[in-house]
Amino acid sequence: MDKQKRFFLTENEIPTRWYNIVADMKNKPLPMLNPKTKKPITLDEMTVIFNRACSEQELNTTDAWIEIPEEVRELYKNYRSTPLVRAYGLEKALDTPAHIYFKNESVSPIGSHKLNSALAQAYYCKKEGVTNITTETGAGQWGTALSYAAKAFGLELAVYMVKVSYHQKPYRRSIMQTFGAQVIASPSMSTRAGKDILTVNPNYQGSLGTAISEAVELATQTPNCKYVLGSVLNHVTLHQTVIGLEAEKQMEMAGEYPDVVIGCFGGGSNFGGISFPFMRHNLLEGKNIEFLAAEPASCPKLTRGIFQYDFGDEAGYTPMMPMFTLGHDFQPAHIHAGGLRYHGAGTIVSQLLKDGLMKGVDIPQLESFKAATLFAQTEGIIPAPESAHAIATAIREANKAKEEGKQKNILFCLSGHGLIDMTAYDQYNAGDLTNYELPDEVIKANVDKLEKLI
Ligand SMILES: *Cc1c(COP(=O)(O)O)cnc(C)c1O
(Lines give C-alpha, C1' and ligand atoms only; values in the text may rest on other atoms or scores of the structure.)
Protein backbone atom coordinates (compact mmCIF):
# COMPACT_ATOMS: atom_id res chain seq x y z
CA MET A 1 0.00 0.00 0.00
CA ASP A 2 1.20 3.46 -0.89
CA LYS A 3 1.66 5.49 2.24
CA GLN A 4 1.16 9.23 1.98
CA LYS A 5 3.97 11.12 3.66
CA ARG A 6 3.18 14.81 3.21
CA PHE A 7 -0.14 16.67 3.45
CA PHE A 8 -0.78 20.09 1.88
CA LEU A 9 -3.69 22.50 1.65
CA THR A 10 -4.61 24.41 -1.50
CA GLU A 11 -4.32 28.22 -1.46
CA ASN A 12 -8.06 28.49 -0.93
CA GLU A 13 -7.83 26.28 2.14
CA ILE A 14 -5.23 28.47 3.88
CA PRO A 15 -7.02 29.84 6.98
CA THR A 16 -8.77 33.20 6.61
CA ARG A 17 -8.91 33.85 10.37
CA TRP A 18 -6.58 33.46 13.33
CA TYR A 19 -7.80 31.85 16.57
CA ASN A 20 -7.84 33.85 19.81
CA ILE A 21 -7.93 31.23 22.58
CA VAL A 22 -8.49 33.83 25.32
CA ALA A 23 -12.13 34.14 24.23
CA ASP A 24 -12.65 30.46 25.09
CA MET A 25 -10.62 30.33 28.34
CA LYS A 26 -12.65 29.98 31.53
CA ASN A 27 -9.94 31.65 33.60
CA LYS A 28 -8.68 34.60 31.56
CA PRO A 29 -5.05 35.65 31.99
CA LEU A 30 -4.60 38.37 34.62
CA PRO A 31 -4.22 41.82 33.03
CA MET A 32 -0.87 43.35 32.14
CA LEU A 33 -0.08 46.25 34.46
CA ASN A 34 1.35 49.70 33.99
CA PRO A 35 4.48 49.49 36.17
CA LYS A 36 4.02 53.05 37.49
CA THR A 37 0.33 52.97 38.44
CA LYS A 38 0.03 49.15 38.88
CA LYS A 39 -3.30 49.48 37.06
CA PRO A 40 -4.27 47.35 34.03
CA ILE A 41 -2.62 48.67 30.93
CA THR A 42 -4.92 50.65 28.61
CA LEU A 43 -5.09 50.59 24.84
CA ASP A 44 -3.64 54.10 24.65
CA GLU A 45 -0.71 53.13 26.86
CA MET A 46 0.02 50.12 24.64
CA THR A 47 0.01 52.22 21.49
CA VAL A 48 2.94 54.28 22.80
CA ILE A 49 5.05 51.21 22.02
CA PHE A 50 3.03 49.07 19.59
CA ASN A 51 0.82 49.73 16.58
CA ARG A 52 -2.89 50.10 17.32
CA ALA A 53 -4.23 46.98 15.57
CA CYS A 54 -1.83 44.69 17.45
CA SER A 55 -2.54 46.53 20.71
CA GLU A 56 -6.25 45.85 20.19
CA GLN A 57 -5.55 42.21 19.47
CA GLU A 58 -3.39 42.06 22.58
CA LEU A 59 -6.26 43.18 24.80
CA ASN A 60 -9.03 41.31 22.97
CA THR A 61 -10.61 38.77 25.33
CA THR A 62 -13.94 38.32 23.52
CA ASP A 63 -13.47 37.53 19.82
CA ALA A 64 -12.41 33.93 19.20
CA TRP A 65 -11.76 34.58 15.50
CA ILE A 66 -9.84 37.47 13.95
CA GLU A 67 -9.75 38.08 10.19
CA ILE A 68 -6.35 37.70 8.49
CA PRO A 69 -5.91 40.82 6.29
CA GLU A 70 -5.98 39.99 2.58
CA GLU A 71 -2.51 41.56 2.04
CA VAL A 72 -1.02 39.28 4.71
CA ARG A 73 -2.79 36.20 3.41
CA GLU A 74 -1.42 36.96 -0.08
CA LEU A 75 2.13 36.85 1.32
CA TYR A 76 1.32 33.71 3.32
CA LYS A 77 0.61 32.08 -0.04
CA ASN A 78 4.33 32.42 -0.94
CA TYR A 79 5.06 29.54 1.47
CA ARG A 80 1.83 28.30 3.01
CA SER A 81 0.38 25.88 3.59
CA THR A 82 3.48 24.36 5.11
CA PRO A 83 3.54 20.57 4.87
CA LEU A 84 2.37 18.24 7.60
CA VAL A 85 4.79 15.31 7.39
CA ARG A 86 4.53 11.78 8.72
CA ALA A 87 8.00 10.96 10.07
CA TYR A 88 8.18 7.35 8.89
CA GLY A 89 11.99 7.39 8.97
CA LEU A 90 12.15 8.53 12.58
CA GLU A 91 9.42 6.07 13.61
CA LYS A 92 11.36 3.21 12.05
CA ALA A 93 14.62 4.19 13.76
CA LEU A 94 12.83 4.33 17.11
CA ASP A 95 10.96 1.08 16.41
CA THR A 96 7.91 2.68 17.99
CA PRO A 97 4.22 1.90 17.54
CA ALA A 98 3.59 5.67 17.73
CA HIS A 99 2.73 7.67 14.62
CA ILE A 100 4.84 10.82 14.54
CA TYR A 101 3.77 13.87 12.55
CA PHE A 102 5.53 17.19 12.26
CA LYS A 103 4.36 20.51 10.91
CA ASN A 104 7.28 21.81 8.89
CA GLU A 105 7.55 25.59 9.41
CA SER A 106 11.18 25.46 8.27
CA VAL A 107 10.04 25.80 4.65
CA SER A 108 9.22 29.50 5.02
CA PRO A 109 11.58 31.72 2.97
CA ILE A 110 13.47 32.73 6.11
CA GLY A 111 13.54 29.23 7.56
CA SER A 112 11.22 29.46 10.56
CA HIS A 113 7.67 30.10 11.77
CA LYS A 114 8.58 33.70 12.75
CA LEU A 115 7.49 35.07 9.37
CA ASN A 116 3.82 34.34 10.18
CA SER A 117 3.75 37.18 12.71
CA ALA A 118 6.40 39.40 11.12
CA LEU A 119 4.28 39.85 7.98
CA ALA A 120 1.18 40.66 10.02
CA GLN A 121 2.91 43.17 12.28
CA ALA A 122 4.73 44.93 9.44
CA TYR A 123 1.43 45.16 7.54
CA TYR A 124 -0.39 46.81 10.45
CA CYS A 125 2.47 49.28 11.01
CA LYS A 126 2.45 50.26 7.35
CA LYS A 127 -1.32 50.63 7.33
CA GLU A 128 -1.15 53.01 10.30
CA GLY A 129 1.46 55.25 8.68
CA VAL A 130 4.45 54.08 10.72
CA THR A 131 7.74 54.50 8.81
CA ASN A 132 10.34 52.96 11.15
CA ILE A 133 10.29 49.87 13.32
CA THR A 134 12.67 48.43 15.90
CA THR A 135 13.06 44.99 17.36
CA GLU A 136 15.36 42.60 19.16
CA THR A 137 16.58 39.23 17.99
CA GLY A 138 18.25 36.34 19.81
CA ALA A 139 19.53 33.67 17.47
CA GLY A 140 18.53 35.92 14.58
CA GLN A 141 15.45 34.15 13.23
CA TRP A 142 13.03 36.86 14.32
CA GLY A 143 15.26 39.63 13.01
CA THR A 144 15.57 37.80 9.70
CA ALA A 145 11.81 37.37 9.42
CA LEU A 146 11.12 40.99 10.25
CA SER A 147 13.84 42.25 7.90
CA TYR A 148 12.10 40.57 5.01
CA ALA A 149 8.61 41.63 6.20
CA ALA A 150 9.74 45.25 6.67
CA LYS A 151 11.08 45.28 3.13
CA ALA A 152 7.86 43.71 1.80
CA PHE A 153 5.90 46.65 3.26
CA GLY A 154 8.49 49.42 2.72
CA LEU A 155 9.48 50.04 6.36
CA GLU A 156 12.93 50.91 7.79
CA LEU A 157 14.06 48.44 10.47
CA ALA A 158 16.69 48.59 13.24
CA VAL A 159 17.46 45.22 14.89
CA TYR A 160 19.18 44.83 18.28
CA MET A 161 20.84 41.42 18.13
CA VAL A 162 21.96 39.63 21.31
CA LYS A 163 25.76 39.97 21.30
CA VAL A 164 26.57 36.28 21.83
CA SER A 165 24.50 35.39 18.76
CA TYR A 166 25.83 38.34 16.74
CA HIS A 167 29.23 36.63 16.99
CA GLN A 168 28.07 32.97 17.01
CA LYS A 169 25.73 33.41 14.03
CA PRO A 170 27.29 35.96 11.68
CA TYR A 171 25.31 34.64 8.69
CA ARG A 172 22.00 35.66 10.20
CA ARG A 173 23.37 39.17 10.51
CA SER A 174 24.36 39.01 6.82
CA ILE A 175 20.87 37.88 5.88
CA MET A 176 19.23 40.73 7.80
CA GLN A 177 21.59 43.21 6.19
CA THR A 178 20.88 41.73 2.76
CA PHE A 179 17.17 42.28 3.36
CA GLY A 180 18.09 45.91 4.13
CA ALA A 181 17.90 46.09 7.94
CA GLN A 182 20.32 47.88 10.26
CA VAL A 183 21.77 45.41 12.81
CA ILE A 184 23.30 46.46 16.17
CA ALA A 185 24.96 44.08 18.69
CA SER A 186 23.25 44.37 22.08
CA PRO A 187 24.08 45.61 24.68
CA SER A 188 25.23 48.65 22.71
CA MET A 189 26.26 52.19 23.55
CA SER A 190 23.39 53.56 21.43
CA THR A 191 20.80 53.52 24.22
CA ARG A 192 20.70 54.39 27.89
CA ALA A 193 19.66 50.82 28.75
CA GLY A 194 22.68 49.45 26.89
CA LYS A 195 25.10 51.95 28.42
CA ASP A 196 23.86 51.24 31.95
CA ILE A 197 24.39 47.50 31.54
CA LEU A 198 27.82 47.86 29.90
CA THR A 199 28.97 50.19 32.68
CA VAL A 200 28.24 47.56 35.32
CA ASN A 201 29.34 44.57 33.23
CA PRO A 202 31.51 45.49 30.21
CA ASN A 203 31.80 41.87 29.01
CA TYR A 204 28.10 41.07 29.17
CA GLN A 205 27.20 38.99 26.11
CA GLY A 206 23.61 40.12 26.08
CA SER A 207 20.19 38.54 26.47
CA LEU A 208 16.82 38.94 24.81
CA GLY A 209 15.72 40.98 27.83
CA THR A 210 18.48 43.55 27.28
CA ALA A 211 17.94 43.73 23.53
CA ILE A 212 14.21 44.35 24.09
CA SER A 213 15.03 47.23 26.44
CA GLU A 214 17.19 48.84 23.78
CA ALA A 215 14.66 48.39 20.97
CA VAL A 216 11.77 49.73 23.09
CA GLU A 217 13.85 52.72 24.16
CA LEU A 218 14.66 53.61 20.56
CA ALA A 219 11.01 53.20 19.49
CA THR A 220 9.65 55.45 22.24
CA GLN A 221 12.24 58.14 21.47
CA THR A 222 11.95 58.20 17.68
CA PRO A 223 9.02 59.87 15.90
CA ASN A 224 6.80 57.62 13.79
CA CYS A 225 8.61 54.55 15.07
CA LYS A 226 7.03 51.46 16.66
CA TYR A 227 8.45 48.49 18.42
CA VAL A 228 7.67 45.01 17.11
CA LEU A 229 8.07 41.85 19.20
CA GLY A 230 8.58 38.32 17.90
CA SER A 231 7.21 36.22 20.74
CA VAL A 232 5.68 36.24 24.25
CA LEU A 233 2.79 38.63 23.54
CA ASN A 234 -0.77 37.49 22.85
CA HIS A 235 -1.01 39.04 19.39
CA VAL A 236 2.17 37.28 18.23
CA THR A 237 0.82 33.90 19.31
CA LEU A 238 -2.50 34.82 17.69
CA HIS A 239 -0.78 35.23 14.32
CA GLN A 240 1.01 31.91 14.80
CA THR A 241 -2.25 29.99 15.18
CA VAL A 242 -2.23 29.73 11.39
CA ILE A 243 0.16 26.79 12.05
CA GLY A 244 -2.28 24.81 14.20
CA LEU A 245 -5.32 25.72 12.10
CA GLU A 246 -3.62 24.26 9.03
CA ALA A 247 -2.41 21.24 10.99
CA GLU A 248 -5.97 20.61 12.18
CA LYS A 249 -7.15 20.23 8.58
CA GLN A 250 -4.04 18.27 7.54
CA MET A 251 -4.36 15.76 10.41
CA GLU A 252 -7.90 15.20 9.20
CA MET A 253 -6.54 14.55 5.69
CA ALA A 254 -4.19 12.01 7.25
CA GLY A 255 -7.20 10.43 8.92
CA GLU A 256 -5.70 10.74 12.39
CA TYR A 257 -6.17 12.74 15.57
CA PRO A 258 -3.29 13.80 17.84
CA ASP A 259 -2.98 12.37 21.36
CA VAL A 260 -0.14 14.72 22.18
CA VAL A 261 0.89 18.07 20.65
CA ILE A 262 4.42 19.38 21.23
CA GLY A 263 6.21 22.67 20.59
CA CYS A 264 9.56 23.98 21.74
CA PHE A 265 9.24 26.95 24.04
CA GLY A 266 11.02 30.32 24.02
CA GLY A 267 8.26 32.83 24.70
CA GLY A 268 5.50 30.53 23.51
CA SER A 269 4.60 31.61 19.98
CA ASN A 270 5.24 28.42 17.98
CA PHE A 271 4.01 26.29 20.88
CA GLY A 272 0.80 28.35 21.16
CA GLY A 273 0.59 28.50 17.37
CA ILE A 274 0.42 24.76 16.93
CA SER A 275 -1.40 24.04 20.22
CA PHE A 276 -4.20 26.53 20.69
CA PRO A 277 -6.39 25.45 17.76
CA PHE A 278 -6.23 21.88 19.14
CA MET A 279 -6.62 23.01 22.75
CA ARG A 280 -9.93 24.49 21.64
CA HIS A 281 -11.10 20.85 21.27
CA ASN A 282 -10.25 20.26 24.94
CA LEU A 283 -11.89 23.51 26.08
CA LEU A 284 -15.08 23.26 24.01
CA GLU A 285 -15.53 19.61 23.04
CA GLY A 286 -14.22 17.78 26.10
CA LYS A 287 -11.32 16.18 24.22
CA ASN A 288 -8.26 15.05 26.08
CA ILE A 289 -5.21 15.98 24.00
CA GLU A 290 -1.99 16.41 25.97
CA PHE A 291 0.11 19.55 25.34
CA LEU A 292 3.84 19.60 26.02
CA ALA A 293 6.03 22.71 25.87
CA ALA A 294 9.72 21.81 25.55
CA GLU A 295 12.13 24.24 27.17
CA PRO A 296 15.90 24.02 27.75
CA ALA A 297 16.83 22.59 31.14
CA SER A 298 19.14 25.61 31.51
CA CYS A 299 16.26 28.10 31.15
CA PRO A 300 13.37 26.31 32.89
CA LYS A 301 10.75 28.99 33.51
CA LEU A 302 7.81 26.62 33.00
CA THR A 303 8.95 23.92 35.41
CA ARG A 304 11.06 25.86 37.93
CA GLY A 305 10.00 29.49 37.56
CA ILE A 306 7.39 31.23 39.74
CA PHE A 307 4.03 32.65 38.66
CA GLN A 308 4.34 36.36 39.31
CA TYR A 309 4.15 39.77 37.68
CA ASP A 310 7.41 40.54 35.93
CA PHE A 311 8.81 42.73 33.19
CA GLY A 312 9.31 41.43 29.67
CA ASP A 313 12.74 43.07 29.46
CA GLU A 314 15.79 43.56 31.60
CA ALA A 315 15.58 47.31 32.20
CA GLY A 316 11.88 47.27 33.09
CA TYR A 317 10.46 49.34 30.21
CA THR A 318 7.67 46.95 29.24
CA PRO A 319 4.33 46.53 31.00
CA MET A 320 4.33 44.06 33.90
CA MET A 321 3.01 40.68 32.81
CA PRO A 322 1.63 37.81 34.91
CA MET A 323 3.97 35.03 33.85
CA PHE A 324 5.97 32.01 34.83
CA THR A 325 9.35 33.64 35.15
CA LEU A 326 12.93 33.13 36.32
CA GLY A 327 13.15 36.88 37.02
CA HIS A 328 13.83 39.54 34.39
CA ASP A 329 17.55 39.76 35.17
CA PHE A 330 18.09 36.01 34.97
CA GLN A 331 21.08 35.40 32.68
CA PRO A 332 20.65 32.07 30.90
CA ALA A 333 23.62 29.90 29.94
CA HIS A 334 24.90 30.45 26.40
CA ILE A 335 23.21 27.42 24.89
CA HIS A 336 22.90 27.23 21.12
CA ALA A 337 19.12 27.38 21.14
CA GLY A 338 19.31 31.18 21.34
CA GLY A 339 15.59 31.56 20.68
CA LEU A 340 14.80 29.70 23.90
CA ARG A 341 17.01 31.85 26.15
CA TYR A 342 14.23 33.99 27.55
CA HIS A 343 13.34 34.44 31.21
CA GLY A 344 9.54 34.33 31.02
CA ALA A 345 6.48 32.79 29.36
CA GLY A 346 3.59 34.65 27.71
CA THR A 347 0.53 35.47 29.84
CA ILE A 348 -1.87 33.08 28.06
CA VAL A 349 0.47 30.11 28.29
CA SER A 350 1.25 30.98 31.91
CA GLN A 351 -2.45 30.88 32.81
CA LEU A 352 -2.95 27.61 30.89
CA LEU A 353 0.02 26.06 32.70
CA LYS A 354 -1.27 27.26 36.06
CA ASP A 355 -4.67 25.69 35.26
CA GLY A 356 -3.07 22.36 34.32
CA LEU A 357 -4.14 22.56 30.67
CA MET A 358 -0.56 21.99 29.43
CA LYS A 359 2.80 20.84 30.81
CA GLY A 360 6.41 21.99 30.59
CA VAL A 361 9.21 19.53 29.78
CA ASP A 362 12.93 20.26 30.39
CA ILE A 363 15.45 19.06 27.80
CA PRO A 364 19.22 19.13 28.47
CA GLN A 365 21.34 20.53 25.64
CA LEU A 366 23.05 17.23 24.78
CA GLU A 367 19.74 15.36 24.53
CA SER A 368 18.46 18.06 22.16
CA PHE A 369 21.41 17.62 19.80
CA LYS A 370 21.25 13.84 19.97
CA ALA A 371 17.58 14.06 18.94
CA ALA A 372 18.38 16.62 16.24
CA THR A 373 21.03 14.35 14.76
CA LEU A 374 18.74 11.32 14.66
CA PHE A 375 16.04 13.46 13.04
CA ALA A 376 18.49 14.79 10.45
CA GLN A 377 19.67 11.29 9.60
CA THR A 378 16.19 9.80 9.32
CA GLU A 379 14.14 12.69 7.87
CA GLY A 380 16.80 14.59 5.94
CA ILE A 381 16.22 17.95 7.58
CA ILE A 382 18.74 19.72 9.83
CA PRO A 383 16.52 21.12 12.58
CA ALA A 384 17.07 24.43 14.37
CA PRO A 385 18.62 23.88 17.82
CA GLU A 386 15.37 25.30 19.25
CA SER A 387 13.19 22.84 17.33
CA ALA A 388 15.45 20.03 18.53
CA HIS A 389 13.81 20.41 21.96
CA ALA A 390 10.43 19.53 20.46
CA ILE A 391 11.99 16.59 18.60
CA ALA A 392 13.61 15.30 21.81
CA THR A 393 10.22 15.50 23.55
CA ALA A 394 8.51 13.69 20.67
CA ILE A 395 11.17 10.96 20.91
CA ARG A 396 10.58 10.63 24.65
CA GLU A 397 6.84 10.21 23.96
CA ALA A 398 7.47 7.69 21.18
CA ASN A 399 9.74 5.66 23.46
CA LYS A 400 7.11 5.77 26.18
CA ALA A 401 4.54 4.46 23.68
CA LYS A 402 6.92 1.61 22.85
CA GLU A 403 7.42 0.71 26.53
CA GLU A 404 3.68 0.76 27.10
CA GLY A 405 3.04 -1.11 23.87
CA LYS A 406 0.49 1.53 22.86
CA GLN A 407 -0.19 3.20 19.54
CA LYS A 408 -0.26 6.95 19.95
CA ASN A 409 -0.37 9.93 17.57
CA ILE A 410 2.30 12.52 18.24
CA LEU A 411 2.30 15.92 16.52
CA PHE A 412 5.11 18.41 16.92
CA CYS A 413 6.04 21.73 15.37
CA LEU A 414 9.34 21.81 13.50
CA SER A 415 9.69 25.54 14.11
CA GLY A 416 12.73 26.04 11.87
CA HIS A 417 15.77 24.56 10.13
CA GLY A 418 19.30 24.75 11.45
CA LEU A 419 21.24 25.28 8.24
CA ILE A 420 22.71 28.50 9.60
CA ASP A 421 23.49 26.88 12.95
CA MET A 422 26.16 24.45 11.79
CA THR A 423 28.74 25.85 14.24
CA ALA A 424 26.58 24.39 16.96
CA TYR A 425 26.47 21.00 15.22
CA ASP A 426 30.25 21.13 14.72
CA GLN A 427 30.73 21.66 18.44
CA TYR A 428 28.32 18.83 19.25
CA ASN A 429 30.05 16.48 16.81
CA ALA A 430 33.44 17.39 18.30
CA GLY A 431 32.16 16.59 21.80
CA ASP A 432 32.57 20.19 22.90
CA LEU A 433 29.01 20.85 24.07
CA THR A 434 27.90 20.39 27.65
CA ASN A 435 24.74 20.39 29.69
CA TYR A 436 24.25 23.22 32.15
CA GLU A 437 23.13 22.56 35.72
CA LEU A 438 21.06 25.35 37.17
CA PRO A 439 21.14 25.37 40.97
CA ASP A 440 17.90 26.26 42.82
CA GLU A 441 19.74 29.08 44.64
CA VAL A 442 20.36 30.92 41.37
CA ILE A 443 16.67 30.83 40.47
CA LYS A 444 15.67 31.78 43.99
CA ALA A 445 18.07 34.73 44.09
CA ASN A 446 16.48 36.13 40.91
CA VAL A 447 12.82 35.57 41.69
CA ASP A 448 13.24 36.79 45.28
CA LYS A 449 13.99 40.23 43.84
CA LEU A 450 10.57 40.49 42.17
CA GLU A 451 7.90 42.66 43.70
CA LYS A 452 5.15 40.24 44.75
CA LEU A 453 1.98 41.62 43.21
CA ILE A 454 0.16 38.25 43.13
C1 LIG B 1 12.28 32.06 17.92
C2 LIG B 1 12.25 30.62 17.71
C3 LIG B 1 11.73 29.76 18.69
C4 LIG B 1 11.25 30.24 20.03
O5 LIG B 1 10.25 31.19 20.04
P6 LIG B 1 8.75 30.88 20.39
O7 LIG B 1 8.08 32.20 20.41
O8 LIG B 1 8.70 30.20 21.71
O9 LIG B 1 8.22 30.02 19.31
C10 LIG B 1 11.70 28.42 18.40
N11 LIG B 1 12.15 27.92 17.25
C12 LIG B 1 12.66 28.72 16.28
C13 LIG B 1 13.17 28.11 15.02
C14 LIG B 1 12.72 30.09 16.49
O15 LIG B 1 13.19 30.87 15.53
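Keep in mind that what you see is a predicted model, and the values were worked out from it rather than measured.

What counts and what doesn't
Residues numbered from 1 in each chain as written. Predicted model: local features only at pLDDT ≥ 70, side-chain atom pairs only at ≥ 80, totals over all residues. Heavy atoms only, no water. Helix = DSSP H or I, 4+ residues; strand = E, 2+ residues; numbered from the N terminus. Rg over C-alpha atoms; globule rule 2.2 N^0.38 Å. Buried < 20%, exposed > 50% of the residue type's maximum accessible area, 1.4 Å probe, protein only. Contact = heavy atoms within 4.5 Å. Areas by Shrake-Rupley, 256 points an atom, 1.4 Å probe, with all protein chains shown as cover. Domains from an automatic or database assignment. Buried area = accessible area lost by both parts, 1.4 Å probe. Salt bridge = Lys/Arg side-chain N within 4 Å of Asp/Glu carboxyl O. Polar contact = N/O pair within 3.5 Å; in protein donor to acceptor, adjacent residues only side chain to side chain. Nonpolar A, V, L, I, M, F, W, Y, C, P; charged D, E, K, R; others polar. Phe/Tyr/Trp six-rings, centres within 6.5 Å; stacked < 30°, edge-to-face > 60°.

Peer 1: Before we go on, may I ask you to explain the overall build of the chain in this structure?
Peer 2: Of the regular secondary structure elements, the chain holds 18 helices and 15 strands. Relative to the compact-globule value of 22 Å for 454 residues, the chain shows a C-alpha radius of gyration of 20 Å, a close match. Each principal axis of the C-alpha atoms in the chain carries an extent, and together these give about 65 × 50 × 45 Å. When the 454 residues of the chain are sorted by exposure, 63% land in the buried category. Contacts in the chain between residues at least 24 apart in sequence constitute 76% of all its contacts with a sequence separation of at least 6. Carbon and sulfur atoms form 51% of the exposed surface of the chain, whose accessible area is close to 16,900 Å².

Peer 1: What is the right way to look at unusual backbone geometry in this model?
Peer 2: Across the chain, the bulk of peptide bonds are trans and the bulk of non-glycine residues have phi less than zero. Along the chain, Arg80 connects to Ser81 via a cis peptide bond; the corresponding omega equals 0°. Take Ser81: it is sitting in the loop between α3 (70-76) and β4 (84-86). In this structure, Pro187 follows Ser186 across a cis peptide bond, with omega equal to 5°. Along the polypeptide, Pro187 turns up in the loop between β8 (182-186) and α9 (192-200).

Peer 1: What's the story with the domain arrangement of the chain in this structure? I'm lost.
Peer 2: Many authors give the size of an interface as the accessible area that is lost as the parts come together. Here the chain is described as being made up of domain 1 (49-66 + 114-232) and domain 2 (79-111 + 235-447). For domain 1 versus domain 2, the distance between C-alpha centres works out to 22 Å. Across the boundary between the two partners, domain 1 contributes 46 residues, which contact 39 residues of domain 2. Counting the surface lost from both domain 1 and domain 2, the interface buries some 3,500 Å², and carbon and sulfur atoms represent 58% of this. Counting the surface domain 1 buries against domain 2, the share from its top three residues, Asn116, Gln168 and Val232, is 19%. At the boundary of domain 1 with domain 2, the tally comes to two salt bridges. Remark: the boundary between domain 1 and domain 2 carries 17 residue pairs in polar contact (both at pLDDT 80 or more). The set of elements that each furnish at least two residues to the side of domain 1 that touches domain 2 consists of α2 (52-59), β3 (65-67), α5 (115-127), α6 (141-152), α7 (163-168), α8 (170-178), α9 and α10 (208-221). The class makeup of the residues in the side of domain 1 that touches domain 2 is 25 nonpolar, 15 polar and six charged.

Peer 1: Can you walk me through the environment of Phe412 in this structure?
Peer 2: For Phe412, the position within the fold is in strand β15 (residues 409-414). When its relative accessible area of 0% is taken as the criterion, Phe412 is described as buried. In sequence terms Phe412 and Phe271 are 141 residues apart; their C-alpha atoms lie 8.9 Å from each other. Setting aside anything within four residues of it in sequence, one finds Phe412 in contact with Ile100, Tyr101, Phe102, Lys103, Ile262, Ile274, Phe375, Ala390, Ile391 and Ala394.

Peer 1: What exactly am I supposed to notice about the pattern of salt bridges here?
Peer 2: Pairing of side chains with opposite charge becomes possible as their charged atoms draw close. A full pass over the atoms with the stated rule returns 21 salt bridges. Between Glu246 and Arg80 there is a salt bridge whose closest N-O contact spans 2.8 Å. Of this pair, Glu246 sits in helix α11 (residues 234-254) while Arg80 is found in the loop between α3 and β4, placing the two residues 166 residues apart along the sequence. In terms of burial, Glu246 and Arg80 fall into one category: buried. As a salt-bridge pair, Arg280 and Glu248 come within 3.3 Å of each other at their nearest N and O atoms. Of this pair, Arg280 sits in helix α12 (residues 269-285) while Glu248 sits in helix α11, placing them 32 residues apart in sequence.

Peer 1: Honestly, the packing of aromatic side chains in this entry has me stumped. Any pointers?
Peer 2: Both the distance between ring centres and the angle between the ring planes are used here to describe each pair of aromatic rings. By the definition in use, this model includes 13 aromatic pairs. Between Phe369 and Tyr425, the aromatic rings sit 5.4 Å apart at their centres with planes inclined by 80°, giving edge-to-face as the arrangement. One end of the pair, Phe369, is in helix α15 (residues 365-379); the other, Tyr425, is in helix α17 (residues 422-429), with 56 residues separating them in the sequence. Look at Phe375 and Phe412: their rings are 6.1 Å apart centre to centre, the planes differ by 70°, and that puts the pair in the edge-to-face class. Residue Phe375 is located in helix α15, and its partner Phe412 is located in strand β15; the two are separated by 37 residues in the primary sequence. In this structure Phe375 comes out as buried when scored by relative accessible area, which is 0%.

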